[in-house]
Amino acid sequence: HFSLTQENYFSRPGDWISNSMISTYLKSKALYKKMYIDKTITFKETDPMKLGSIVDDWLTVGETDYCPKVLKRDDPEEFARQKELNPKYLVTDTLWEKATDIYTAILDADFWKDGLDTALMQVPMQGKLNGATVCGMADRIDKLPGDDFKYRLIDLKTVSAQKIATPEKWFYNCRDFGYFRQLALYRYLWSHLQGIPEENVTCHHAVASYVQEGLVQIRLFTIPDALLDP
């Protein structure tokens, strides 16, 4: 029996289905086969994805595997250490500074500080759906005050400013990228693990956008059940 943890999440059994696998399958069955069955294509992280990963890591686990790339003449010791690293974890100074700005802005926001000492971070979840094992890892889950077993589930997103210019733009972005499906899956898994109705879990996106040095926009969206129920 395989028990899912933060550490083994990405080395789980191949037939355990995540939201990103579903997104790939809906995009192209042939691509899904190459990525998840034949494993002839490996997933390549873009710079925007790395930015989001660094911010997520810092906020939810307090450290990251990524680091800013150094030149030998600037820091010979660190340069030697980085030679041993997987190159995908090396990022530019510019990306690192952007991530630092975003991280600092969220860390300083009231919504993030609220209940931080009891919040659950990077929560691995697994369950059954239509006979298949489905899984996900929620960025943050808070138990709400009171004894009626209600929870707030927050998914962090780091995006470009135009994607959150209006709630409508964010809606279409979520629809296109499967973010509603992702939250619906998380809500389903968490409610089943806790033995509570799905409506006891409210789902939210905390979306941050780097505009320029010293300016990070944060938008908080509550995703209504009507968008998650289907």
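Before reading further, recall that the structure is shown in the block above.
The residue count restarts for each chain, going from 1 along the sequence in the order it is written. It should be noted that, the model being predicted, local features are given only for residues of pLDDT at least 70 and side-chain atom pairs only at 80 or more, the latter also being counted only at that level, while totals for whole chains, interfaces and linings use all residues. With hydrogens and water set aside, each side-chain value is computed from the structure's full complement of heavy atoms.

A. Fine view of the layout of surface pockets. Considered as a void within the structure, the second largest pocket measures approximately 340 Å³ in volume. Points on a 1 Å grid, built from protein atoms alone, make a cavity when a 1.4 Å probe fits but cannot get out and make a pocket when they are open with protein on both sides within 12 Å along at least 5 of 7 lines; residues with an atom within 4 Å of a point are the lining residues. As for the second largest pocket, its lining consists of 17 residues, and the residues nearest its centre are Leu129, Arg181, Ala184, Leu185 and Pro230. At the level of elements, strand S4 (132-143), helix H8 (179-194) and helix H9 (225-228) are the ones that each hand at least two residues to the lining of the second largest pocket. Here a strand is any run of E in DSSP of at least two residues, a helix any run of H or I of at least four, and the numbering for each starts at the N terminus. The element best represented in the lining of the second largest pocket is H8, accounting for six residues. Grouping the amino acids of the lining of the second largest pocket by side-chain chemistry returns 12 nonpolar, one polar and four charged. Grid points are joined across faces, edges and corners, and a volume is the space filled by probe spheres set on the points. Residue polarity follows a fixed list, in which Ala, Val, Leu, Ile, Met, Phe, Trp, Tyr, Cys and Pro are nonpolar, Asp, Glu, Lys and Arg are charged, and the others, Gly among them, are polar.

B. Quick look at the sheet that holds strand S7 (residues 215-223). Strands were regarded as paired on the criterion that DSSP finds at least two bridges between them. Here we have five strands laid out as an open sheet, ordered S3-S4-S5-S6-S7, and mixed in their pairing. Of all strands in the sheet, those with a lone pairing partner are strand S3 (120-129) and S7, marking the two edges. Direction aside, the axes of adjacent strands within the sheet are offset by 40° on average. With nine bridges connecting them, strand S6 (residues 201-212) and S7 associate as antiparallel partners. The residue of S7 that forms the bridge with alanine 208 is isoleucine 218. Whether two residues are in contact is decided by their heavy atoms: any pair within 4.5 Å suffices. Convention adopted: a line fitted to C-alpha atoms gives each axis, helices being fitted over their contacting stretch, and angles between N-to-C directions are expressed from 0 to 180 degrees. Helix H7 (residues 167-177) contacts strand S5 (151-158), S6 and S7 of the sheet and is inclined by roughly 110° relative to S6. Each of S3, S4, S5, S6 and S7 touches H8; the most contacted strand, S3, lies at about 85° to it.

C. Quick peek at the packing of helix H3 (residues 47-60) against helix H5 (residues 93-107). As a packed pair, H3 and H5 sit with axes 9 Å apart at the nearest point and diverge in direction by 40°. Viewed along their axes, H3 and H5 adopt a mutual orientation that is oblique. The way H3 lies across H5 gives a crossing that is right-handed. Contacts between H3 and H5 involve Asp47, Lys50, Leu51, Ile54, Val55, Trp58 and Leu59 from the former and Leu95, Trp96, Lys98, Ala99, Thr100, Ile102, Tyr103, Ile106 and Leu107 from the latter. Split by residue class, the contact of H3 with H5 holds 12 nonpolar, one polar and three charged. Here is the rule for angles: anything less than 35 degrees is roughly parallel, anything more than 145 is roughly antiparallel, 65 through 115 is roughly perpendicular, and the remaining ranges are oblique. Left-handed describes a crossing whose near helix is turned anticlockwise from the far helix through less than a right angle; right-handed describes the clockwise counterpart.

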